[in-house]
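Structure at a glance
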Amino acid sequence: SNPDGSTLFCGAGDRQVAVWNRQQDDVSGKSLVKSQSLGPHTGWVKDLEVDAQHQLVHSIGCNCIETWCWPPSGEEWVHKRKTTIE
């Protein structure tokens, strides 16, 4: 998750990284809402690394690391680069 705790990133076997945001809910007070899917990877997502200082998310798959960045416009995460693992 990010430093303010409002975003949660989850990698899974569906080859995607799910981005969940905390929002106020009138009934329960707070809830998580899926806002975006990052991917797909070539295989399932094995691990994630969040670099909050540089606003980057690194998702590690079977044979590559995908890097996603939060643009200045702040609308949604965008793909920045793919690094192949030999």
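Provided above is the structure to which this section pertains.
Below or above, wherever it landed, is the structure these notes cover. (Residues numbered from 1 in each chain as written. Predicted model: local features only at pLDDT ≥ 70, side-chain atom pairs only at ≥ 80, totals over all residues. Heavy atoms only, no water.)

**Examining the overall build of the chain**
Looking only at helices and strands, the chain features zero helices and seven strands. What you see in the chain, going N to C, is helices and strands ordered as β-β-β-β-β-β-β. By the burial criterion, 27% of the 86 residues in the chain qualify as buried. Sequence separation of at least 24 residues holds for 21% of the intrachain contacts in the chain that already meet a minimum separation of 6. Of the accessible surface of the chain, which amounts to about 5600 Å², a share of 48% is contributed by carbon and sulfur atoms. (Helix = DSSP H or I, 4+ residues; strand = E, 2+ residues; numbered from the N terminus. Buried < 20%, exposed > 50% of the residue type's maximum accessible area, 1.4 Å probe, protein only. Contact = heavy atoms within 4.5 Å. Areas by Shrake-Rupley, 256 points an atom, 1.4 Å probe, with all protein chains shown as cover.)

**Section: the state of the cysteines**
This structure, assessed with the given rule, holds zero disulfides. With no disulfide of its own, Cys62 lies closest to Cys64 among cysteine sulfurs, the gap being 8.2 Å. Overall, Cys62 belongs to the partly exposed group, its relative accessible area being 41%. (Disulfide = S-S within 2.5 Å.)

**A closer look at the nonpolar core**
Side chains of nonpolar character tend, in soluble globular proteins, to be buried together. Core analysis: the largest hydrophobic core is formed by eight residues, namely Phe9, Val17, Val19, Leu38, Val45, Val57, Trp68 and Trp77. Those residues within four positions of Trp77 in sequence are excluded, and the remaining contacts are Phe9, Val19, Gln36, Leu38, Gln55, Leu56, Val57, Trp68, Cys69 and Trp70. (Core = buried A, V, L, I, M, F, W, Y, C linked by side-chain atoms within 4.5 Å.)

**A few points about the packing of aromatic side chains**
One pass over the structure, following the stated rule, counts two aromatic pairs. Centroid distance Phe9 to Trp77: 5.4 Å. Interplanar angle 80 degrees. Geometry classified as edge-to-face. Of the two residues, Phe9 is situated in strand β1 (residues 7-11) and Trp77 in the loop between β6 (64-69) and β7 (78-84); the sequence distance between them amounts to 68 residues. Residue classification places Phe9 among the buried positions, given a relative accessible area of 8%. A relative accessible area of 11% places Trp77 in the buried class. Each member of the aromatic cluster is reached from another via a ring pair, and the members are Phe9, Trp70 and Trp77. (Phe/Tyr/Trp six-rings, centres within 6.5 Å; stacked < 30°, edge-to-face > 60°.)

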